[in-house]
Amino acid sequence: MPIIEVQSLYYSYPGSKEPSLIDINFKANEGEFVVISGPSGCGKTTFCRALNGIIPVSYGGEFKGSVVVDGLETTKHQVYEIAQKVALVFQNPENQLFCTSVEREVAFGPENLALSREEIRCRVDEALEMVGISHLREKSPDELSGGEQQKVAIAALLTMRPKVLVLDEPTANLDPLSARSFLKLLARLNEEMGVTVLLVEHRLEMVSHLADRCVIFDGGKIVLDGPPREVLYSDTASRLGIGVPKAVLVAKRLKLQEITKAKPLTSWELADLVRGIKP
Amino acid sequence: MIRLEDVTFSYASSKPALSHVTLEISDGEFVAIIGENGAGKTTLVKHLNGLLKPESGRVLVCGVDSRETTVATLARKVGLVFQNPDHQLFAETVEKELAFALVNFGMPKEKVSEKVEWALEEFELKQYRSRSPFLLSGGERKRLALASVLCYDPEIVILDEPTTGQDSRQKHRLASLLKRLNEQGKTVLIVTHDIEFVSDYIPRVVVMSGGKLVADGPTGECLTRLELLERASLISPQLAEISWDLGLKSPSIDLDFVVAGINEMIRGLHG
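Rules used throughout
- Residues numbered from 1 in each chain as written.
- Chains lettered and ligands numbered in written order.
- Predicted model: local features only at pLDDT ≥ 70, side-chain atom pairs only at ≥ 80, totals over all residues.
- Heavy atoms only, no water.
- Helix = DSSP H or I, 4+ residues; strand = E, 2+ residues; numbered from the N terminus.
- Rg over C-alpha atoms; globule rule 2.2 N^0.38 Å.
- Buried < 20%, exposed > 50% of the residue type's maximum accessible area, 1.4 Å probe, protein only.
- Contact = heavy atoms within 4.5 Å.
- Areas by Shrake-Rupley, 256 points an atom, 1.4 Å probe, with all protein chains shown as cover.
- Phe/Tyr/Trp six-rings, centres within 6.5 Å; stacked < 30°, edge-to-face > 60°.
- Salt bridge = Lys/Arg side-chain N within 4 Å of Asp/Glu carboxyl O.
- Domains from an automatic or database assignment.
- Buried area = accessible area lost by both parts, 1.4 Å probe.
- Polar contact = N/O pair within 3.5 Å; in protein donor to acceptor, adjacent residues only side chain to side chain.
- Nonpolar A, V, L, I, M, F, W, Y, C, P; charged D, E, K, R; others polar.
- Axes fitted to C-alpha atoms, helices over the stretch in contact; angles between N-to-C directions.
- Left-handed = near helix turned anticlockwise from the far one by under 90°.
- Core = buried A, V, L, I, M, F, W, Y, C linked by side-chain atoms within 4.5 Å.

Colleague: Which parts of the structure should I look at to understand the overall build of chain A?
Modeller: Check the secondary structure of chain A and you find 13 helices and ten strands. Whereas a compact globule of 279 residues would reach a radius of gyration of roughly 19 Å, chain A reaches 20 Å, a difference of no more than 12%. In terms of principal-axis extent, the alpha carbons of chain A reach across some 65 × 45 × 35 Å. Sorting the 279 residues of chain A into buried and exposed places 55% on the buried side. Of all intrachain contacts in chain A linking residues separated by at least 6 positions in sequence, the fraction that spans at least 24 positions is 64%. As displayed, chain A has an accessible area near 12,100 Å², and 48% of this comes from carbon and sulfur atoms.

Colleague: It is not clear to me how the packing of aromatic side chains should be interpreted in this structure. Could you clarify?
Modeller: Aromatic ring pairs are defined here through the distance separating the ring centres and the angle between the ring planes. All names here are of chain A. If you walk through the whole model with that rule in mind, you get eleven aromatic pairs over all chains. Note on Y13 and Y59: the rings are 5.9 Å apart at their centroids and 70 degrees apart in plane angle, and the pair reads as edge-to-face. Placement of the pair is Y13 in the loop between β1 (4–12) and β2 (21–28) and Y59 in the loop between α2 (54–57) and β4 (62–69), with a sequence separation of 46 residues. Joined through ring pairs, the aromatic side chains of Y11, Y13, Y59 and F63 make up one cluster.

Colleague: I would appreciate a short explanation of the pattern of salt bridges in the present structure.
Modeller: A side chain with one charge can pair with a side chain of the opposite charge if their charged atoms come near. Under the counting rule described, the total for this entry stands at 37 salt bridges over all chains. Linking K246 of chain A and E196 of chain B is a salt bridge whose minimum nitrogen-to-oxygen distance equals 2.8 Å. Highlighted residues: K246 of chain A in helix α11 (residues 246–254) and E196 of chain B in helix α7 (residues 195–201), drawn from two different chains. Between E124 of chain B and R173 of chain B there is a salt bridge, with its nearest N and O atoms 3.3 Å apart. A residue pair is termed long-range when its members are at least 10 positions apart, and E124 of chain B in the loop between α4 (109–122) and α5 (138–150) and R173 of chain B in helix α6 (residues 168–183) qualify at 49 residues. A relative accessible area of 27% places E124 of chain B in the partly exposed class. Residues joined in a network through salt bridges with shared partners are E119, R123, E126 and R161 of chain A.

Colleague: Where do I start with the domain arrangement of chain B in this structure?
Modeller: Think of interface size as the accessible area that goes away when the parts come together; that is how it is often given. All names here are of chain B. Each domain of chain B was delimited in the assignment, giving domain 1 (2–234) and domain 2 (237–271). Computed from C-alpha atoms alone, the centre-to-centre distance between domain 1 and domain 2 is 33 Å. Between domain 1 and domain 2, the contact holds ten residues from the first and seven residues from the second. Counting each side, the surface lost to burial between domain 1 and domain 2 is near 680 Å², with a carbon and sulfur contribution of 72%. One can count one residue pair in polar contact (both at pLDDT 80 or more) joining domain 1 with domain 2. Contributions of two or more residues to the side of domain 1 that touches domain 2 are made by α7, α8 (219–222) and α9 (226–231). When residues of the side of domain 1 that touches domain 2 are assigned to their parent elements, the largest contribution, three residues, is made by α7. Grouping the constituent residues of the side of domain 1 that touches domain 2 by class yields four nonpolar, four polar and two charged.

Colleague: Before we go on, may I ask you to explain the packing of helix α4 (residues 102–112) of chain A against helix α6 (residues 146–158) of chain A in this structure?
Modeller: Packed helix pairs are characterised by how far apart their axes lie and by the angle those axes make with each other. All names here are of chain A. Their axes nearest at 7 Å, the elements α4 and α6 cross at an angle of 35 degrees. When the axes of α4 and α6 are compared, the crossing they make is right-handed. Contact residues: V102, E105 and V106 in α4; V152, A155 and A156 in α6. In terms of residue class, the contact of α4 with α6 is made up of five nonpolar, no polar and one charged.

Colleague: Help me understand the interface of chain A and chain B in this model?
Modeller: The partner chain B presents 30 residues to the 33 residues of chain A that form the contact. Carbon and sulfur atoms supply 61% of the area buried between chain A and chain B, which totals about 2,800 Å² over both sides. Run the count over chain A and chain B and you get three salt bridges. For D200 of chain B, the salt bridge is made with K246 of chain A, and the minimal N-O distance between the two is 3.0 Å. Joining chain A to chain B, the criterion identifies eight residue pairs in polar contact (both at pLDDT 80 or more). Across the side of chain A that touches chain B, the residue classes break down as 18 nonpolar, seven polar and eight charged.

Colleague: Quick question: what am I supposed to make of the nonpolar core here?
Modeller: Within soluble globular proteins, side chains that are nonpolar tend to cluster in buried spots. Formed by 71 residues in total, the largest nonpolar core has its most connected members in I154 and L165 of chain A together with I262 of chain B. It is helix α7 (residues 176–193) of chain A that contributes the most residues to this core, seven residues altogether. Leave out the neighbours within four places in its chain, and L165 of chain A touches A87, I154, L157, L158, L186, L189, V195, T196, V197 and L198 of chain A.

Colleague: Teacher, can you tell me more about unusual backbone geometry here?
Modeller: In this structure, P56 of chain A follows I55 of chain A across a cis peptide bond, with omega equal to 5 degrees. With a phi close to 50 degrees, K263 of chain A is a non-glycine residue in the positive phi region. Topologically, K263 of chain A is positioned in the loop between α12 (257–262) and α13 (267–275). Despite not being glycine, C62 of chain B shows a phi value in the positive range, around 50 degrees.

Structure representation (structure tokens):
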């Protein structure tokens, strides 16, 4: 059974003339790493908000179809129930952090679940360790860099032991080195903890080779959905002007069957293929 | 013309945020300032509209020493667009936001609405005219902040991280707009981490690291110097990386050039 199942989802914000999501059908299996991209204003953020039920619960508007997360239909359950399944990370970590120390921030979720002291301590230690920020425990979130803050946000969510992590452009405000390290962290969490990852990201060159699947939105619809290689080499992808990795552009321009067939996504994949070309 | 002569600046008692920086940018240039977090990029541009004054050395903007003028005077010449649009936007509607500076500068009414219409069109914000800026998406707010500065036609335009949250089509649009402004004789300066944007569109690059200027030159040359990129903790442009991974004779950040290099290499493998 898929961990997320979205059927015929239609959504329009209150007062908006145009719908933001039109006939979305989407499934994700447990443990999948899905990268979501598309032009801005295409419905990616709205889609993320629909996954943990804050759309329509907090936003109102017109909502049709269904979103089922781990067996719970979002409109038939409270946001706090869904929130234990789906954790949402926003673009700007400042909007999410509010405690005076990293440790308190990370402990906030499990404290609210009224877990025992030992259990809270154990979850906090584990989350800090997992994300690699144990050394920041005593710091105040506002003295941290953007990359560190984003890691605190994710550690705080991991203590809730979510099955699904939904991240809406989490690296938009990070410098490239922090972005790369953050994306690698996601790939590791996905692999080691088996958490399902849905990541909205423009920097496809950094993430497409780490993902199992790539979904492209345009005009409130899903226009492409498949393995990253198939999606990024498609004509629709180049037409939409999403950030196709340069390795893909180069590979296409070489017009060599051995290369276009293998569909390399990174510089090293491309280099290996070029070196392997037989006369 | 922008000129920094041996500029040093520190925020508190800590080590200088800018250390002996000398830099000259002629009228009508298009330059990117790059470097890791804390390299001094933003500190540098805050010197250009007088928000910060050098501790030692001099900053000359259009021939005027920044210490001998006010931010208000410099602001007419130097338009600075901040990294976070929320630090800049405040009006009730998109339209009012765009008109604010123009009205303040005493521009006649017809001219104001002409400029506002231009900006709404140019930045694809027409459908949001009466909406609150805070109901726009991140990328849209970013475009609005830029539009509100370009509206009043400053001679020098400085953009701090203009591409964050923008998709590649918008980046392309932004680049062509900046190029057009540049062709009209405006000096365009961007501060950015977006190495792909720089390597695709911007001819000259200034590299900062630890408050110092460590390189200044044509983008294609600077961004294919691996040791420089590593020293400045920068990530390499994808095309440079492809060049290195393949061991191309002349690494490049130009797509045509890299494709030609690979084709030549393949012919060589078979020769």
